[in-house]
Amino acid sequence: MGKLNLNSLSDPSNSVVYPRYDRRAVTNGIVHIGVGGFHRAHEAVYIDDLLTLGRGDGWGICGVGIRPSDAAMREALVPQDCLYTVVMRDADGDKARVVGSITDYLFGPDNPEAVLEVLVAPETRIVSLTITEGGYGFDSSPQSAFGYLAEALSRRRKRGFSPFTVLSCDNLQSNGDMAQAALLAQVQGDDPDLKSWIKANVAFPNCMVDRITPQTTAADREMVSREFGIEDAWPVVCEPFRQWIIEDKFSSGRPPLEMVGVQFTSDVHPYELMKLRLLNASHSAMGYLGFLAGFEYIHEVIADPLFFEFIRRLIDEEIAPLLAPVPGIDLAEYKKTLLRRFANPAIKDQVTRICLDGSAKVPKFLLPSLHEAVSQGRPTRLLSLAVAGWMRYLTGVDEKGREFSLNDPRADMLRASARQGKTDPRPLLGQTDLFGDLGQSEALVTQVGVFLAQLHANGAVSTLAQTLA
Ligand code: CS2
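Just so you know, these numbers come straight off a predicted model, no measurement behind them.

Caption draft 1: Broad picture of the overall build of the protein. In terms of regular secondary structure, the protein is built from 21 helices and 13 strands. For the protein, the C-alpha radius of gyration of 23 Å lies close to 23 Å, the compact-globule estimate for 469 residues. Taken along its principal axes, the extent of the C-alpha atoms in the protein is 60 × 60 × 45 Å. Looking at the protein as a whole, 58% of its 469 residues are labelled buried. Excluding contacts between residues fewer than 6 apart, the proportion of contacts in the protein whose partners are at least 24 apart in sequence is 76%. Of the roughly 18,500 Å² of accessible surface on the protein, a fraction of 50% belongs to carbon and sulfur atoms. If you average the places of the 47 positive and of the 58 negative side-chain charges in the protein, the two averages end up 1 Å apart.

Below is the structure:
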């Protein structure tokens, strides 16, 4: 097949599934801001399934990049007509498909007006977002995601167009509500009429998204070429599992995603909590302690019996008991599946991927359980050890004494506090915008301090062994 593009689609000699619909005839109804691996392995695949069923037309996706670094995605996608390969991998082997649901890609920094134009177009009925967990803070620049949304909605209102739905697909509890708050903060003051119009007319469904999607590596590109004969500048590798549960409220219609396995519900909250607090929190716990222990991939971490025991007990004894029952979900089964997914050796999910942006992720994934456990007087030992693991990691020095760089927007401040405190967690716990009032609990401060001291003195493996004994 060679280079991927519209003229090279389909090759009977290999096992790849190609779009079976007329890709040139697809029209768009979705604009997606933040086209990375996750979007391309998740929403875009669901839409591709719908197109295959003949039920997706009018719901194609125009991808948008707004960060300077998104130039790389444009350079990869545009020459291949925005087609790309998704390889689902597990111990049973690889399955590849070429996804055609993204039909166009716009790069904001070069031409913000072009992005605004597509956001304002009456055909655009949904704007979905994966702008990372850190993307929902206050950023008043007109070229932030919410800057674009505010300007686009203002123009739509002036032109008498109906609004689009804003669909956040980031891993945040109440991601829709968070998107609404961030957008309203963006228009605050400037335009009270626009603000009330948004409140009254724009839907911000909450949703739970799930599919483990490692970062694409050069080895993945070579594998796609070797195994499937496709020259793809930026393929995606992911696990077979996927899940999407969406609150069913949309401003201007929605695709019939229930036909391709998406679940719609009136209350996503319990599903969000379950996923963030079990999957994402376990990831963070494995990530920092696993890094300290010298592991490169998540499946290696969970294959270590000590780590397996730690994660199993963290979930069973400290996190899951805090969750309310989740409608239609057998929690025991969910937990078993999770541990199996972590153990998938084929996707090679990077520990460094899990460790990045901790200041945006840990407070959303791990700390809410710790807050609840403290206030309910429930056990906190394993949660505290996970947090101490993050704090030890934040010194930016590994267990062999080598410096490494922290990939976090707050790296400098966090490193300084971690080094200042060393075995005293208080300089970090004092950052109340991250830790809330956890530093007020003497018992917790002592517990985290003891783990920190152990981690510094004996390392992650021996601290785990002692704790679990
Ligand atoms: C991970 C998530 O970034 C992280 O720390 O926990 O990216 C995780 O892989 C996804 O949420 C899975 O759906």
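Right, picking up where we left off after that structure.
Caption draft 2: Looking closely at the packing of aromatic side chains. Taken as a whole and assessed by the stated rule, the structure comprises 10 aromatic pairs. On the basis of an interplanar angle of 70 degrees and a centroid distance of 6.4 Å, the ring pair of Phe250 and Phe264 is categorised as edge-to-face. Separated by 14 residues along the polypeptide, Phe250 in the loop between strand S12 (243-247) and strand S13 (263-265) and Phe264 in strand S13 bring together distant segments of the chain. Of the two residues examined, Phe250 and Phe264, each falls in the buried class. Aromatic side chains Phe295 and Phe307 sit 5.7 Å apart centroid to centroid with 85 degrees between the ring planes, which places their arrangement in the edge-to-face category. Placement of Phe295 in the loop between helix H9 (269-292) and helix H10 (298-303) and of Phe307 in helix H11 (residues 305-319) is noted, with a sequence separation of 12 residues between them. Accessibility expressed as a relative area gives 0% for Phe307, which makes it buried. Residue placement shows Arg125 over the ring face of Trp59; its charged tip is 3.9 Å from the ring centre.

Caption draft 3: Here's a closer look at the domain arrangement of the protein. Segmenting the protein into domains produces domain 1 (2-265) and domain 2 (269-468). Computed from C-alpha coordinates alone, the two centres of domain 1 and domain 2 are separated by 30 Å. On the surface where domain 1 and domain 2 come into contact, there are two salt bridges. Across the pair Glu239 and Arg341 runs a salt bridge, and its minimum N-O distance is 2.5 Å.

Caption draft 4: Spotlight on the site of the ligand. Surrounding the ligand, one finds Asn171, Asp210, Arg211, Ile212, Lys275, Leu279, Asn280, His283, Arg353, Ile354, Lys361 and Phe365. Separating an oxygen atom of the ligand from a side-chain N or O atom of Asn171 is a distance of 2.9 Å. The contact in question runs from an oxygen atom of the ligand to an N or O atom on the side chain of Lys275, over 2.7 Å. For the ligand, whose free accessible area comes to 340 Å², the fraction covered by protein is 93%. Secondary structure elements with two or more residues in the shell around the ligand: H9, helix H13 (351-355) and helix H14 (358-365). Among the elements that take part in the shell around the ligand, H9 stands out by supplying four residues, more than any other. Grouping the amino acids of the shell around the ligand by side-chain chemistry returns four nonpolar, three polar and five charged.

Caption draft 5: Up close: the pattern of salt bridges. In the structure shown here, the tally under the stated rule is 27 salt bridges. For Arg402, the salt bridge goes to Asp398, with nearest N and O atoms at 2.9 Å. For Arg402, a relative accessible area of 49% translates into the label partly exposed. On the accessibility criterion, Asp398 (12% relative accessible area) is buried. Its salt-bridge partner being Arg426, residue Asp424 comes within 3.1 Å of it at the nearest N-O pair. The partly exposed category is assigned to Asp424, whose relative accessible area is 27%. Residues participating in the shared-partner salt-bridge network are Asp48, Asp49, Arg97 and Arg242.

Caption draft 6: Main features of the environment of Ser8. Within the fold, Ser8 resides in the loop between strand S1 (2-3) and strand S2 (28-33). Judged by its relative accessible area of 14%, Ser8 falls in the buried class. Considering only alpha carbons, one finds Ser8 and Val98, 90 residues apart in sequence, at a separation of 11 Å. There is a polar contact of 2.9 Å between the side chain of Ser8 and the backbone oxygen of Lys3.

Caption draft 7: Molecular detail of H14. Counting buried residues along H14, seven of its eight residues qualify, which places the element largely inside the surrounding structure. All of the buried residues along H14 are Gly358, Ser359, Ala360, Lys361, Val362, Pro363 and Phe365. Turning to H14, the residues buried within the fold contact H9, H13, helix H15 (367-376), helix H16 (381-393), helix H17 (411-421) and helix H19 (432-435).

Caption draft 8: Molecular detail of the side chain of Arg23. Position of Arg23 among the secondary structure elements: in the loop between S1 and S2. Of the side chains with opposite charge, Asp81 comes closest to the buried, unpaired Arg23, at an N-O distance of 6.4 Å. Side-chain polar atoms of Arg23 contact the backbone oxygen of Ile102, separated by 3.2 Å. Setting aside anything within four residues of it in sequence, one finds Arg23 in contact with Leu6, Asp81, Cys82, Leu83, Gly100, Ile102 and Thr103.

Calculation notes
Residues numbered from 1 in each chain as written. Predicted model: local features only at pLDDT ≥ 70, side-chain atom pairs only at ≥ 80, totals over all residues. Heavy atoms only, no water. Helix = DSSP H or I, 4+ residues; strand = E, 2+ residues; numbered from the N terminus. Rg over C-alpha atoms; globule rule 2.2 N^0.38 Å. Buried < 20%, exposed > 50% of the residue type's maximum accessible area, 1.4 Å probe, protein only. Contact = heavy atoms within 4.5 Å. Areas by Shrake-Rupley, 256 points an atom, 1.4 Å probe, with all protein chains shown as cover. Lys, Arg positive; Asp, Glu negative; His and termini not counted. Charge placed at Lys NZ, Arg CZ, Asp CG, Glu CD. Phe/Tyr/Trp six-rings, centres within 6.5 Å; stacked < 30°, edge-to-face > 60°. Lys NZ or Arg CZ within 6 Å of the ring centre and 35° of its normal. Domains from an automatic or database assignment. Salt bridge = Lys/Arg side-chain N within 4 Å of Asp/Glu carboxyl O. Near = heavy atom within 4 Å. Polar contact = N/O pair within 3.5 Å; in protein donor to acceptor, adjacent residues only side chain to side chain. Nonpolar A, V, L, I, M, F, W, Y, C, P; charged D, E, K, R; others polar.

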